[in-house]
Amino acid sequence: RVNQFIDAPYNYRLRFPSQESDRLPDAILVADERISAEAAAEGVPKQLLAPLGHPAWESAKPMPAAPSKSVLFIGSPIATHYGRRLGYDEWDAWNAVRDAAILRRDLLEVLMYAPHPFQQEISEQTIEPAHLITNSAEGIARAGTVLGMFAMPMFDAFFAQRRVISIQPAAIGPDLCALSRWGHISRIDSATELIAALESSYKPSNGLT
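Below or above, wherever it landed, is the structure these notes cover. None of the values given here were measured: they were computed from a predicted structure.

Conventions used here
Residues numbered from 1 in each chain as written. Predicted model: local features only at pLDDT ≥ 70, side-chain atom pairs only at ≥ 80, totals over all residues. Heavy atoms only, no water. Axes fitted to C-alpha atoms, helices over the stretch in contact; angles between N-to-C directions. Helix = DSSP H or I, 4+ residues; strand = E, 2+ residues; numbered from the N terminus. Left-handed = near helix turned anticlockwise from the far one by under 90°. Contact = heavy atoms within 4.5 Å. Nonpolar A, V, L, I, M, F, W, Y, C, P; charged D, E, K, R; others polar. Pairing = 2+ DSSP bridges. Phe/Tyr/Trp six-rings, centres within 6.5 Å; stacked < 30°, edge-to-face > 60°. Buried < 20%, exposed > 50% of the residue type's maximum accessible area, 1.4 Å probe, protein only. Lys NZ or Arg CZ within 6 Å of the ring centre and 35° of its normal. Polar contact = N/O pair within 3.5 Å; in protein donor to acceptor, adjacent residues only side chain to side chain. Core = buried A, V, L, I, M, F, W, Y, C linked by side-chain atoms within 4.5 Å.

Considering the packing of helix H4 (residues 90-103) against helix H8 (residues 191-199)
Contact pair H4 / H8: the axes reach a minimum separation of 8 Å and the direction vectors enclose 60 degrees. In the crossing of H4 with H8, the sense of the turn from one axis to the other is right-handed. The segment H4 lies against H8, with Ala96, Val97, Asp99, Ala100 and Leu103 engaging Ala191, Leu194 and Ile195. For the contact of H4 with H8, the class distribution of residues is seven nonpolar, no polar and one charged.

Quick look at the sheet that holds strand E5 (residues 110-114)
One open sheet accounts for six strands, arranged E6-E5-E4-E7-E8-E9; its pairing is parallel. Edge strands, defined here as strands with exactly one partner in the open sheet, are strand E6 (131-132) and strand E9 (186-188). Note: strand E4 (residues 70-74) against E5, five bridges, orientation parallel. Bridge pairing in E5 places Leu72 opposite Met112.

A closer look at the packing of aromatic side chains
Applying the stated rule across the entire model yields nine aromatic pairs. With 5.9 Å between their ring centres and 85 degrees between their planes, Tyr82 and Phe150 make a pair best called edge-to-face. Remark: Phe150 occurs in the loop between strand E7 (145-148) and helix H6 (153-159) and Tyr82 occurs in helix H3 (residues 78-82); sequence separation between them is 68 residues. Of the two residues examined, Tyr82 and Phe150, each falls in the buried class. Taken together, the ring pairs connect Trp57, Phe155, Phe158 and Phe159 into an aromatic cluster. When the ring centre of Tyr10 is taken as origin, the NZ or CZ atom of Arg15, which lies over that ring, is 5.7 Å away. Positioned above the aromatic ring of Trp182 is the side chain of Arg34, whose terminal nitrogen or guanidinium carbon lies 3.9 Å from the ring centre.

As for the side chain of Thr145
Mapped onto the elements, Thr145 comes out in strand E7. A distance of 2.8 Å separates a polar atom in the side chain of Thr145 from the backbone oxygen of Ser68. Those residues in contact with Thr145 that lie beyond four places of it in its chain are Pro67, Ser68, Ser70, Val71, Leu72, Arg163 and Leu198.

Some details on the sheet that holds strand E1 (residues 3-5)
Here three strands make up an open sheet; going across it, the order is E1-E2-E3 and the pairing parallel. Among the strands making up the open sheet, the edge pair consists of E1 and strand E3 (49-51). Averaged over all pairs of adjacent strands, the angle between their axes in this sheet comes to 30 degrees, without regard to strand direction. As paired strands, E1 and strand E2 (residues 27-30) are joined by three bridges and run parallel to one another. Residue pairing for E2: Gln4 is matched across the bridge by Ile28. Along the sheet, helix H1 (residues 33-41) makes contact with E2 and E3, crossing E3 at roughly 165 degrees.

Section: the pairing of E5
Among the five residues that make up E5, four are buried, leaving the element largely enclosed by the rest of the structure. Where E5 and E6 come together, two bridges link them in parallel fashion. Bridging across to E6, Met112 finds its partner in His131.

Remarks on the nonpolar core
Counting 68 residues, the largest nonpolar core has Leu72, Phe73, Val97, Leu108, Phe150, Ile167 and Leu194 as its most contacted members. With six residues, the top contributor of residues to this core is H4. Residues within four places of Leu194 in sequence aside, it is in contact with Ala96, Val97, Ala100, Leu147, Ile165, Ile167 and Ile188.

Rendered as structure tokens:
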């Protein structure tokens, strides 16, 4: 018997390029009913979907508070995987953060960049004025605010009760960030909107309910 677990709540149908029964798993495990409904709507066979929970999400606990002006950007290889199909790539998102830092350094006093393992081109020189860190978990522990596009460490930050913001400049098509798609975090598309989000009050969420 073969079970497959969908751990990232987006692009469900693309994970199953063939619809032939002998090429599909016996069961497709997902975290909850909401993800099951989204996957079925994309064309994943409904009869195979089994909401089973997500141990990492269920065991996650808030981290000790960190300064809100200590900000972590989580990188993703958008250009490599999507080209311009989303309307933006990682550099568009990063440029919005960098421009906000230039305009309002008081809101982003400490700026860190945690690259995805596939982002080999990232260096201290390419991400000024940010500091490069190699461990997103370390960055989440140090940052009160976490920015990204739709990387899964954003869930870790959300459950750690950080302020999490999705940055998707000029996005087209569906929102691939489940946290913003489900209304749990803000989604912005420019430095101006990021500044406004950072200036606003923030109350930590109690979870995905």
